[in-house]
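Listed below are the residues making up each chain.
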Amino acid sequence: RDFDIKNARVNGVREVGRLDLSKGRLMNILLRVLKLDANRAGSVTFAPVNFQLKDGIVSYDNMKMTLDRITITFRGDVNLTNDQLHLKVGLSGETLAHAFKEVRQFIKPTDVFEVPLKGSRSNPQLDTDALIKSIIDKGVKSGLERGLGDLLKRGLGGDRKDAPQPAPDGTDKPADGDQPT
């Protein structure tokens, strides 16, 4: 009887180790998006990953790929029967800050940005528009929080030298010399 992937059921751990992905389309896409030199694409290290195979679909939650000091995570599933990817690629704020110096002030190194990866194994499509939107959303939020914090400090007199100071006796009465004019 022939093997049919749709009937297979497996829970396992895959230990790939190091692979040469320099010719892979996905690697080229990631290198281009992260503004990395294609010559760095050679050997990539994969951490062991827990996976499930059911009804022709391989699923995993936390596949980690390391290229130099850059770690990229993947989660989601790959439908082997119809060759479709439904993955999220995780890029750290640190990785993105190396690629896009403009965003350093708006994102934290520990932030993780998940980007949809769809298409087929031979023609993966990374949703760079979603990445841009995610960075902008985080930057706007960070900028607003920072701006709001600054506004509150100024409004409450936190950083002003001429702001009213509490009375030495702890009352609400301003200290001498702090009377409004």
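Residues numbered from 1 in each chain as written. Predicted model: local features only at pLDDT ≥ 70, side-chain atom pairs only at ≥ 80, totals over all residues. Heavy atoms only, no water.

Turning to the overall build of the protein, a few remarks are in order. Within the protein one finds three helices and nine strands. Every one of the 181 residues in the protein was classed for burial, and the buried ones make up 31%. For the protein, the accessible area works out to roughly 12,200 Å², and carbon and sulfur atoms hold 51% of it. (Helix = DSSP H or I, 4+ residues; strand = E, 2+ residues; numbered from the N terminus. Buried < 20%, exposed > 50% of the residue type's maximum accessible area, 1.4 Å probe, protein only. Areas by Shrake-Rupley, 256 points an atom, 1.4 Å probe, with all protein chains shown as cover.)

Tracing the sequence through the fold places Asp 111 in the loop between α2 (93–99) and β8 (112–119). Residue contacts for Asp 111: discarding those within four places in its chain leaves Leu 91, Ser 92, Gly 93 and Lys 138. (Contact = heavy atoms within 4.5 Å.)

Here we come to the pairing of strand β5 (residues 57–67). Of the strand pairs in this sheet, strand β3 (residues 43–46) and β5 are connected by two bridges, and their pairing is antiparallel. If you follow Phe 46 over to β5, its bridge partner there is Met 65. In this structure, strand β4 (residues 49–54) lies alongside β5, joined through three bridges in antiparallel fashion. Along β5, the bridge assignment pairs Gln 52 with Ser 59. (Pairing = 2+ DSSP bridges.)

Relative to the helices and strands, Ser 92 is located in strand β7 (residues 84–92). In this structure Ser 92 comes out as buried when scored by relative accessible area, which is 18%. A polar atom in the side chain of Ser 92 sits 3.0 Å from the side chain of Thr 95. The residues touching Ser 92, leaving out its near neighbours within four places in the chain, are Pro 109, Asp 111 and Val 112. (Polar contact = N/O pair within 3.5 Å; in protein donor to acceptor, adjacent residues only side chain to side chain.)

So, about unusual backbone geometry. Backbone geometry at Asp 55 places phi at a positive 55°, although glycine is not the residue there. The residue Asp 83 is not glycine, and still its phi comes out positive at about 55°.

Attention now moves to a nonpolar patch on the surface. Judged by side-chain polarity, Ile 132, Ile 136 and Val 140 come together as a nonpolar surface patch covering roughly 260 Å² of accessible area. Locating Ile 136 in the fold gives a position in helix α3 (residues 128–156). Overall, Ile 136 belongs to the partly exposed group, its relative accessible area being 47%. (Patch = residues over 30% accessible without salt bridge, like charges linked within 9 Å, V, L, I, M, F, W, Y side chains within 5 Å. Salt bridge = Lys/Arg side-chain N within 4 Å of Asp/Glu carboxyl O.)

Side-chain alternation along β3 places Val 44 and Phe 46 on a buried face and Ser 43 and Thr 45 on a face that remains uncovered. In the sheet, strand β2 (residues 17–20) pairs with β3 via four bridges, with the strands oriented antiparallel. Bridge assignment links Leu 19 to a residue of β3, and that residue is Val 44.

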